[in-house]
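Descriptive structure summary
Residues per chain, in single letters:
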Amino acid sequence: MGGFQMELKEYFENAQGLGVLATSDADGKVDVAVYSRPHVMAEDTVAFIMHDRLSHHNLESNPHAAYMFVEEGSKSKGTRLFLTKTKEEKDTELLKSLRRRDYGDKEGLYLVYFQVDKVLPILGSQEQKNS
């Protein structure tokens, strides 16, 4: 397990706050939606559990997304992830095992995987290094 993955995994397992995922369709129409913390799956790979709604539809025609996480009680602490969708799976046992909460929706869920292309802090543009 690389240092970069370990840092992201530890960060998202322990941090509390608000996450927002931005996607756009093939025409560039942007959507922004509140999302839970990502699941860190492997070196430079995160996944989100999604319903078949606008964010998921956008990713079918444009695989690029950005995720911003703002830590609870702060306006400037957190991280931004720049992402590219690599694959997805629907209604799998792995997806069910990763759920942090039960909303009663047992079917029609997707586990969508992303390559982490870049990690930046909330403020500034200094890229966090993969060590």
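For the structure, see preceding data.
A brief report on the enclosed structure follows. Since this is a predicted model, take the numbers as computed values, not measurements. (Residues numbered from 1 in each chain as written. Predicted model: local features only at pLDDT ≥ 70, side-chain atom pairs only at ≥ 80, totals over all residues. Heavy atoms only, no water.)

Moving on, we get to the overall build of the protein. Along its length, the protein carries 3 helices and 7 strands. What you see in the protein, going N to C, is helices and strands ordered as α-β-β-β-β-α-β-β-α-β. Burial status across the protein gives 40% buried among its 131 residues. Here the contacts in the protein between residues at least 6 apart in sequence split such that 66% fall between residues at least 24 apart. Total accessible area on the protein is roughly 7600 Å²; 49% of this is exposed by carbon and sulfur atoms. (Helix = DSSP H or I, 4+ residues; strand = E, 2+ residues; numbered from the N terminus. Buried < 20%, exposed > 50% of the residue type's maximum accessible area, 1.4 Å probe, protein only. Contact = heavy atoms within 4.5 Å. Areas by Shrake-Rupley, 256 points an atom, 1.4 Å probe, with all protein chains shown as cover.)

This part is about unusual backbone geometry. One non-glycine residue, Asp91, lies in positive phi territory at about 50°. One can find Asp91 in the loop between strand 6 (78-90) and helix 3 (93-98).

This paragraph deals with the pattern of salt bridges. Counting across every chain of the model gives 3 salt bridges. A salt bridge links Lys85 to Glu88, with the shortest nitrogen-to-oxygen separation between them at 2.8 Å. Given the relative accessible area of 18%, Lys85 is considered buried. For Glu88, a relative accessible area of 30% translates into the label partly exposed. The salt bridge involving Glu93 is made with Lys96; its shortest N-O contact spans 3.7 Å. A residue pair is termed a helical-turn pair when its members lie 3 or 4 positions apart in one helix, as Glu93 and Lys96 do in helix 3 at 3 residues. (Salt bridge = Lys/Arg side-chain N within 4 Å of Asp/Glu carboxyl O.)

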